[in-house]
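Descriptive analysis of the structure
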Amino acid sequence: MTEKPLTKNIRPGRAPLSLKEYEAVGGYLGLRRALKEMSPKDVQKVVTDSNLRGRGGAGFQTGQKWSFVPVGEDAPRPKYLICNADEMEPGTFKDRLLMEGNPHQLLEGMIISSYAIQADVSYIFLRWAYKVAAARLERAIAEAYENNYLGKNIVGSGYSLEMYIHTSAGRYICGEETALLNALEGKRATPRSKPPFPQVCGLWGKPTVVNNVETLSNISHIVSNGPDWFKGLSVSPDSGTKIYGASGRVKRPGLWELPMGVTMRELLEEHAGGMRDGFRLRSVIPGGASTEFLAEEHLDVKMDYASVQKAGSRLGTGTMIVIDDKTCPIGAIHNLEVFFARESCGWCTPCREGLRWAEQILLAIENGEGEPEDTGILEEQCRRLVPGNTFCALAPGAVEPLQSGLKIFREDFERHIREKRCPWK
Amino acid sequence: MPTDEERRQIDEELKKAAFKQGACVDALKIVQRHRGWVSDELRGVAAMLDMTPDELDGVATFYSLIFRRPVGKHVILVCDSISCWIMGYEPVREHLKRRLGIGLGETTTDGQFTVLPISCLGACDHAPAMMVDDELYLDLTDERIDEILEKYR
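Bear in mind that the values here come from a model prediction, so they are computed numbers and not experimental data.

We note that the domain assignment places domain 1 (4–60) and domain 2 (74–152) within chain B. For domain 1 of chain B and domain 2 of chain B, the distance between their C-alpha centroids amounts to 29 Å.

This is the structure in structure tokens:
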């Protein structure tokens with residue numbers, strides 16, 4: 001029986017654990033241990049040694065991210081820790097489960113992480129649509145204040161922390177960490193140039209760490225059980241468990257906490273129950289809309305950072321979108337690019353104009369109005385919308401499914417253009 | 001100008017903000033909660049936030065869920081992102097059009113409903129999905145949509 005630290009105390013269809021119930025299953029012991037027996041440096045070391053990598057999609061080492069925050073007497077104050085709960089990557093719904101299912105687990109992780117960087121204030125940057133999560137987090141924060149896990153001199157440790165929820169008002173770009181900072185400051189949520197990095201100059205110019213919900217939900221378990229335990233949870237060089245998911249025409253769409261590094265085949269066939277009757281698997285987007293399509297031949301790829309990258313895509317958020325044989329792949333790619341063109345913040349021209357142009361070409365092809373040179377124009381867009389030409393990672397992410405789609409679905413593109421129609425319509 | 005009640009609620013948000021501008025999204029939401037939408041008259045609210053009306057408008061127009069035009073009594077947000085699109089976003093949109101007589105971005109003549117597209121609602125395992133005001137509805141079918149609309153009439 002594999003361990004499932006993140007989800008073992010989540011009760012589907014029922015209210016999440018109250019603070020007292022959470023304490024009864026060992027909750028807040030990691031916090032007590034960290035704040036009373038460990039120095040901030042000790043906590044950072046345990047997390048670094050655990051090799052926890054960011055679960056928001058980029059996979060950056062969490063301990064290393066924290067290590068850039070200035071510490072000591074001379075460090076600028078106040079410092080901030082922000083939980084990025086702006087989950088809006090199409091096909092991604094894992095953070096919703098963690099926030100609705102066990103809000104205290106997230107809070108405990110946030111408080112320990114804040115202690116590790118000696119933050120004074122923490123925010124949960126929550127997407128507008130997650131109404132249930134908002135209510136449950138509000139309640140959990142109130143309980144944490146009542147029981148002195150937040151506020152002044154937390155459990156007599158001498159450490160103090162305030163926590164707030166900021167509920168956003170839409171827009172995918174708010175999940176980009178520097179755009180998120182502008183959003184919290186009440187500005188238009190356009191990204192900032194890096195450097196300076198947020199760890200040095202973040203919210204209101206002060207040192208700030210931004211971590212994902214799933215990343216932070218792991219922290220209390222790592223502190224309680226140690227780095228070796230965390231490494232032992234996985235079946236790959238990347239540590240821990242992962243909340244994987246699948247949507248599309250599979251028999252049982254959903255989320256599963258599994259050892260990091262299970263194969264796509266195991267996820268799709270055992271956990272998602274295979275394809276629905278009458279549908280065949282055509283392709284998989286492994287980790288949210290901004291990752292490359294993989295073909296059926298990649299089903300035995302392990303779902304960890306290095307393996308998925310080697311196969312030509314990214315683990316991303318680990319929530320797979322399954323494309324079946326009755327779904328037009330050109331229509332699917334067009335749908336993805338509609339999303340990215342709409343959600344482009346408009347700050348830099350290549351993204352604002354390039355994505356809309358690509359989306360319009362795709363629409364023309366899907367409507368039977370494509371020209372033979374269109375695939376070449378799309379390929380050129382993919383070559384141009386790369387890091388360095390755009391201000392942030394939105395457009396480079398947006399062209400990942402496009403460039404891989406142009407390869408995997410080449411024949412479908414050509415057929416749409418040749419026959420001047422969508423064969424699926 | 002903000003009403004006394006709006007002013008009181010915005011003041012509550014300002015207490016939590018390190019800088020006044022940090023409360024501007026909350027302030028816009030307060031105005032929208034009371035009036036349904038945010039009109040061009042932003043001067044009074046902007047002054048409370050130490051912002052110019054244009055700065056505040058720049059923020060208001062950035063967000064998809066701050067409405068700068070009047071909307072119906074209930075706002076239906078239909079998820080059009082990939083998982084919902086695969087599972088039947090287009091049939092949902094068409095059924096709403098049949099039942100309400102309006103397309104995306106439009107409001108029924110009785111002012112009851114506005115239908116808008118929305119990016120991924122994070123309900124991909126229960127696609128297709130939509131929200132009506134603050135309520136999320138999953139696994140939509142024509143019959144289910146009829147039941148839902150009935151609740152809001």
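Attention now goes to the pattern of salt bridges. All told, the structure shown has 44 salt bridges over all chains when counted by the stated rule. Put simply, Lys-20 of chain A and Glu-23 of chain A hold a salt bridge, and the shortest N to O gap is 3.5 Å. Here Lys-20 of chain A pairs with Glu-23 of chain A, and both are found in helix H1 (residues 19–24), just 3 residues apart, close to one helical turn. Measuring nitrogen to oxygen at the nearest pair gives 3.5 Å for the salt bridge that ties Arg-144 of chain B to Glu-147 of chain B. One end of the pair, Arg-144 of chain B, and the other, Glu-147 of chain B, are both in helix H7 (residues 142–152), 3 residues apart, so they sit about a helical turn from each other. By relative accessible area, Arg-144 of chain B is classed as partly exposed at 30%.

Glancing now at empty space enclosed by the protein. Residues and elements named next belong to chain A. For the coordinates displayed, the defined rule picks out 2 cavities of 30 Å³ or more. The computed volume of the largest cavity comes to approximately 90 Å³. Pro-191, Cys-345, Cys-348, Cys-351 and Cys-392 are, among the 13 residues lining the largest cavity, the residues nearest its centre. Size it by volume and the second largest cavity reaches roughly 60 Å³.

Turning our eyes to something else, we now look at the interface of chain B and chain A. With 39 residues of chain B at the interface, the matching set in chain A holds 51 residues. The contact between chain B and chain A buries some 3,500 Å² in all, and 61% of this surface belongs to carbon and sulfur atoms. Of all residues in chain B, the largest losses of buried area upon contact with chain A belong to Phe-62, Ile-82 and Ile-86 of chain B, amounting jointly to 20% of the total for that side. Our count for the contact surface shared by chain B and chain A stands at 2 salt bridges. Close ionic contact of Asp-134 of chain B with Lys-131 of chain A constitutes a salt bridge, the shortest N to O distance being 3.5 Å. In this structure, the connection of chain B to chain A is made through 17 residue pairs in polar contact (both at pLDDT 80 or more). At the level of elements, helix H2 (24–35), helix H4 (53–60), helix H5 (82–87) and strand S3 (113–118) of chain B are the ones that each hand at least two residues to the side of chain B that touches chain A. Looking at the side of chain B that touches chain A element by element, the count peaks at 5 residues for H5 of chain B. Taken together, the residues of the side of chain B that touches chain A sort by class into 23 nonpolar, 9 polar and 7 charged.

Let us look at H4 of chain B. Three- or four-residue spacings in an α-helix give side chains the same orientation, since the helix completes a turn every 3.6 residues. Burial in H4 of chain B covers these residues: Leu-56, Gly-58, Val-59 and Ala-60 of chain B. Against the buried residues of H4 of chain B lie H2 and helix H3 (43–48) of chain B.

Residues and elements named next belong to chain A. Pairing within the open sheet is parallel, and its 4 strands lie in the order S3-S2-S1-S4. The open sheet is flanked by strand S3 (162–167) and strand S4 (208–212), the only strands paired with a single partner. Strand after strand, the sheet turns through a mean of 20° between neighbouring axes, direction not considered. By the bridge criterion, 6 bridges tie strand S1 (residues 80–85) to strand S2 (residues 121–126) in an arrangement that is parallel. Paired with Ile-82 across the bridge in S2 is Tyr-123.

Parameters at a glance
Every chain's residues receive numbers from 1 upward, in the order its sequence appears when written. Written order decides the labels, with chains lettered from A and ligands numbered from 1. Only residues with pLDDT of at least 70 get local features here, since the model is predicted, and only at 80 or more are side-chain atom pairs given and counted; chain-wide, interface and lining totals rely on the full set of residues. Note: side-chain values were computed over all heavy atoms of the structure, leaving out hydrogens and water. The start and end points of each domain follow an automatic or database-based domain assignment. In the sections that follow, a salt bridge refers to a side-chain nitrogen of Lys or Arg positioned within 4 Å of a carboxyl oxygen of Asp or Glu. Secondary structure follows DSSP: runs of H or I at least 4 residues long count as helices, runs of E at least 2 residues long count as strands, and numbering of each begins at the N terminus. Here's how the labels work: a residue is buried when its accessible area is under 20% of the maximum for its type, exposed when over 50%, partly exposed in between, all with a 1.4 Å probe on protein chains only. In the cavity and pocket records, a cavity denotes points on a 1 Å grid over the protein atoms alone where a 1.4 Å probe fits but cannot get out, a pocket denotes an open set with protein on both sides within 12 Å along at least 5 of 7 lines, and lining residues are residues with an atom within 4 Å of a point. Grid points are joined across faces, edges and corners, and a volume is the space filled by probe spheres set on the points. The contact rule is simple, with two residues in contact once any of their heavy atoms fall within 4.5 Å. Two parts placed together each lose some accessible area under a 1.4 Å probe, and the buried area is that loss summed for both. N or O atoms closer than or at 3.5 Å make up a polar contact, with two conditions inside protein: a donor-capable atom paired with an acceptor-capable one, and, for residues adjacent in sequence, both atoms drawn from side chains. Ten residue types, Ala, Val, Leu, Ile, Met, Phe, Trp, Tyr, Cys and Pro, are classed as nonpolar, four, Asp, Glu, Lys and Arg, as charged, and the remainder, Gly among them, as polar. When DSSP locates at least two bridges between a pair of strands, those strands are taken to pair. Lines fitted to C-alpha atoms define the axes here, with helix axes fitted over just the stretch in contact, and angles between the N-to-C directions of these axes take values from 0 to 180 degrees.

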